[in-house]
Amino acid sequence: QVRLVESGGGLVQAGGSLRLSCAASVFPFSSYTMGWFRQAPGTEREFVAGITWTAYITYYADSMKGRFTVSRDNAKNTVYLQMNTLKPEDTAVYYCAARYLGARSTSENDYVYWGQGTQVTVSS
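Residues numbered from 1 in each chain as written. Predicted model: local features only at pLDDT ≥ 70, side-chain atom pairs only at ≥ 80, totals over all residues. Heavy atoms only, no water.

Some points on the nonpolar core
- Of all hydrophobic cores here, the largest spans 34 residues; its most connected members are M34, W36, L81, M83 and Y94.
- When contributions to this core are tallied by element, the ones reaching two or more residues are β3 (18-24), β4 (32-39), β5 (46-51), β6 (58-60), β7 (68-73), β8 (78-83), β9 (92-100) and β11 (118-123).
- When residues in this core are grouped by element, the largest group, five residues, is from β9.
- Residues contacting L81, with those up to four places away along its chain left out, are L18, R19, L20, W36, V48, A49, F68, T69, V70 and Y94. (Core = buried A, V, L, I, M, F, W, Y, C linked by side-chain atoms within 4.5 Å. Buried < 20%, exposed > 50% of the residue type's maximum accessible area, 1.4 Å probe, protein only. Helix = DSSP H or I, 4+ residues; strand = E, 2+ residues; numbered from the N terminus. Contact = heavy atoms within 4.5 Å.)

Some remarks on the pattern of salt bridges
- Tallying each qualifying case throughout the model produces five salt bridges.
- R45 is the partner of E108 in a salt bridge, and the nearest nitrogen-oxygen pair spans 3.0 Å. Highlighted residues: E108 in the loop between β9 and β10 (113-114) and R45 in the loop between β4 and β5, separated in sequence by 63 residues.
- The partner of K65 in a salt bridge is D62, with the nearest N and O atoms 3.3 Å apart. (Salt bridge = Lys/Arg side-chain N within 4 Å of Asp/Glu carboxyl O.)

Quick notes on the pairing of β5
- A large share of β5 lies buried, amounting to five of its six residues.
- Here five bridges tie β4 to β5, and the two strands are oriented antiparallel to one another. Looking at the pairing, G35 lines up with G50 of β5.
- The hairpin turn running from β4 into β5, its antiparallel successor, is six residues long, and G42 in that turn takes a positive phi close to 75 degrees.
- Two elements, β5 and β6, share three bridges in a ladder whose sense is antiparallel. Each bridged residue has a counterpart across the sheet, and for A49 the counterpart in β6 is Y60.
- Between the antiparallel neighbours β5 and β6 lie six residues, among them A55 with a positive phi of about 70 degrees. (Pairing = 2+ DSSP bridges.)

Looking at the packing of aromatic side chains
- Inspection of the entire model under this criterion finds seven aromatic pairs.
- An angle of 75 degrees between the planes, with centres 5.3 Å apart, marks the rings of F37 and Y111 as edge-to-face. Of this pair, F37 sits in strand β4 while Y111 sits in the loop between β9 and β10, placing them 74 residues apart in sequence. Each of the two residues, F37 as well as Y111, counts as buried.
- Put simply, the rings of F37, F47, Y59, Y111 and W114 pair up and form one aromatic cluster.
- Sitting over the face of the ring of Y95, R45 holds its NZ or CZ atom 5.0 Å from the ring centroid. (Phe/Tyr/Trp six-rings, centres within 6.5 Å; stacked < 30°, edge-to-face > 60°. Lys NZ or Arg CZ within 6 Å of the ring centre and 35° of its normal.)

Points about the pairing of β11
- Residues of β11 alternate between two faces, with T118, V120 and V122 buried on one and Q119, T121 and S123 left unburied on the opposite face.
- Of the strand pairs in this sheet, strand β2 (residues 10-13) and β11 are connected by four bridges, and their pairing is parallel. Each residue of the ladder has a partner; that of L11, found in β11, is T121.
- When β9 meets β11, the two strands line up antiparallel, connected through three bridges. Within the sheet, the bridge partner assigned to A92 lies in β11 and is V120.

Structural data, given as structure tokens:
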């Protein structure tokens, strides 16, 4: 059974940092491009960051560049999202998603497996 489980969310003050983790049971994990998305109340889900299965190419939404860093540890079947200099507008539920042998993609339609999400709240 494929599972993606996010963790690491919480409440943080503006300017603070959080590190999200996504533990995956997709196999082999090394063959999956992994993405992070987020959804704030009343808005559509949007792309945050991704890392490809080969060459570990990372890519980001423009508003996250320089503040967020995506990485992966294939030995632990885990992808991470380091979030620095957080802003109140970063408040959302953050989801990880997996795409088998996929090229980089910012479209949620290209990702097959999804986690349940973890809440990130940034106070001003």
